[in-house]
Amino acid sequence: MKIIAYTNKGAVREHNEDVILAADNIISGQNMNRPIEINTENYNNRFAVIDGMGGYEGGEIAALIVAISFLDNPEDWNNLNLLTSEIKNTIGSILIRASQKIRKIADNNLDLAYMGAALAGVVFWNEDIIIFNCGDCRVYYQKDRYLQKISHDHS
């Protein structure tokens, strides 16, 4: 599987608070001039774009915590016989653990009290594709030259 990843800080922020999870790779704090290519032999993989909340301290920390949470427990992804419903539960558990970690750090540091992240992701699992998002990040499907939004914002 060939993965193309690209992130850039844009014109507003001094640094990039976004994180990309591409298979077992985490791309954090990058200001890329061009996309990079990642190749993997494994079709069962997870991908996410995690948007650290700009305007608040610690957005990049929250985004990185979420990405790392997907890799923290490799056993979550080792059983190729897992059903799609079990993978959905795994994703939910990962996001709950990440949220708890973020909240714990925020509770212990007033400067980070409002840190957070939104994300959109895709998991390829056997023959299934699982799409998920939290916050105002979206997943789109491209057909020909057109994009179709397939996820909905959450608050």
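Each residue is numbered by its place in its chain's sequence as written, counting from 1. Two thresholds apply to this predicted model, a pLDDT of at least 70 for residue-level local features and 80 or more for giving and counting side-chain atom pairs, whereas whole-chain, interface and lining totals are computed over all residues. With hydrogens and water stripped out, all remaining heavy atoms of the structure feed into the side-chain values.

Visitor: When you look at the packing of aromatic side chains in this model, what are you seeing that I'm missing?
Guide: Geometrically, a pair of aromatic rings is defined through the distance of the ring centres and the angle of the planes. When the centres of two rings from Phe, Tyr and Trp lie within 6.5 Å, Trp using its six-membered ring, the rings pair. Their planes under 30 degrees apart give stacked, over 60 give edge-to-face, and anything left gives tilted. Inspection of every chain in the model, using the stated rule, returns three aromatic pairs. Between F70 and F132, the ring centres sit 5.8 Å apart and the planes meet at 20°, which makes this aromatic pair stacked. Of this pair, F70 sits in helix α1 (residues 59-72) while F132 sits in strand β7 (residues 128-134), and the two are 62 residues apart along the sequence. What counts as a helix is a DSSP run of H or I of at least four residues, what counts as a strand is a run of E of at least two, and both are numbered from the N terminus.

Visitor: Even after reading the chapter, I still don't get the pattern of salt bridges, so can you show me in this structure?
Guide: When their charged atoms lie close together, side chains carrying opposite charge are able to pair. Just to be clear on terms, a salt bridge is a Lys or Arg side-chain nitrogen sitting within 4 Å of an Asp or Glu carboxyl oxygen. Under the criterion given, the structure shown has four salt bridges. A salt bridge links R46 to D24, with the shortest nitrogen-to-oxygen separation between them at 2.9 Å. With R46 in strand β5 (residues 45-52) and D24 in the loop between β2 (18-22) and β3 (25-28), the pair connects residues that are 22 residues apart, well separated along the chain. Overall, R46 belongs to the buried group, its relative accessible area being 7%. Only protein chains enter the accessibility calculation, which uses a 1.4 Å probe. A residue is then buried if its area is under 20% of the maximum for its type, exposed if over 50%, and partly exposed in between. Residue class for D24 comes out exposed when judged on its relative accessible area of 54%. Residues R138 and D153 are paired through a salt bridge, measuring 3.1 Å at the closest nitrogen-oxygen approach. Of this pair, R138 sits in the loop between β7 and β8 (140-143) while D153 sits in the segment after β9 (146-149), and the two are 15 residues apart along the sequence. Taking the relative accessible area as the measure of exposure, R138 reaches 36% and is therefore partly exposed.

Visitor: Explanation requested: the layout of surface pockets in the structure shown.
Guide: With a probe scaled to a water molecule rolled over the atoms, the places where space remains empty come into view. When its volume is computed, the largest pocket comes out at roughly 470 Å³. Two kinds of site are reported from a 1 Å grid over the protein atoms alone, namely cavities, where a 1.4 Å probe fits but cannot get out, and pockets, open sets with protein on both sides within 12 Å along at least five of seven lines, and residues are called lining when an atom falls within 4 Å of a point. If you trace the largest pocket, you find 19 residues lining it, with I4, F47, A48, V49 and V122 closest to the centre. For the lining of the largest pocket, the secondary structure elements donating two or more residues are β1 (2-5), β2, β5 and β6 (117-125). Residues were grouped as follows: Ala, Val, Leu, Ile, Met, Phe, Trp, Tyr, Cys and Pro as nonpolar; Asp, Glu, Lys and Arg as charged; and all remaining residues, including Gly, as polar. Taken together, the residues of the lining of the largest pocket break down into 16 nonpolar, one polar and two charged. Grid points are joined across faces, edges and corners, and a volume is the space filled by probe spheres set on the points. Of the volumes computed, that of the second largest pocket is approximately 230 Å³. Elements with a contribution of two residues or more to the lining of the second largest pocket: α3 (84-107) and β6. Element by element, the count of residues in the lining of the second largest pocket is highest for α3, at five residues. Residue classes in the lining of the second largest pocket are distributed as eight nonpolar, two polar and one charged.

Visitor: What is the right way to read the pairing of β5 from this model?
Guide: The side chains of a regular strand alternate, residue by residue, between the two faces of the sheet. Buried residues dominate β5, accounting for six of its eight residues. Where β2 and β5 come together, five bridges link them in antiparallel fashion. Directly across from D18, in β5, lies its bridge partner D51. Of the strand pairs in this sheet, β5 and β6 are connected by eight bridges, and their pairing is antiparallel. Residue pairing for β6: N45 is matched across the bridge by F124. By definition, two strands form a pair when at least two bridges between them are found by DSSP.

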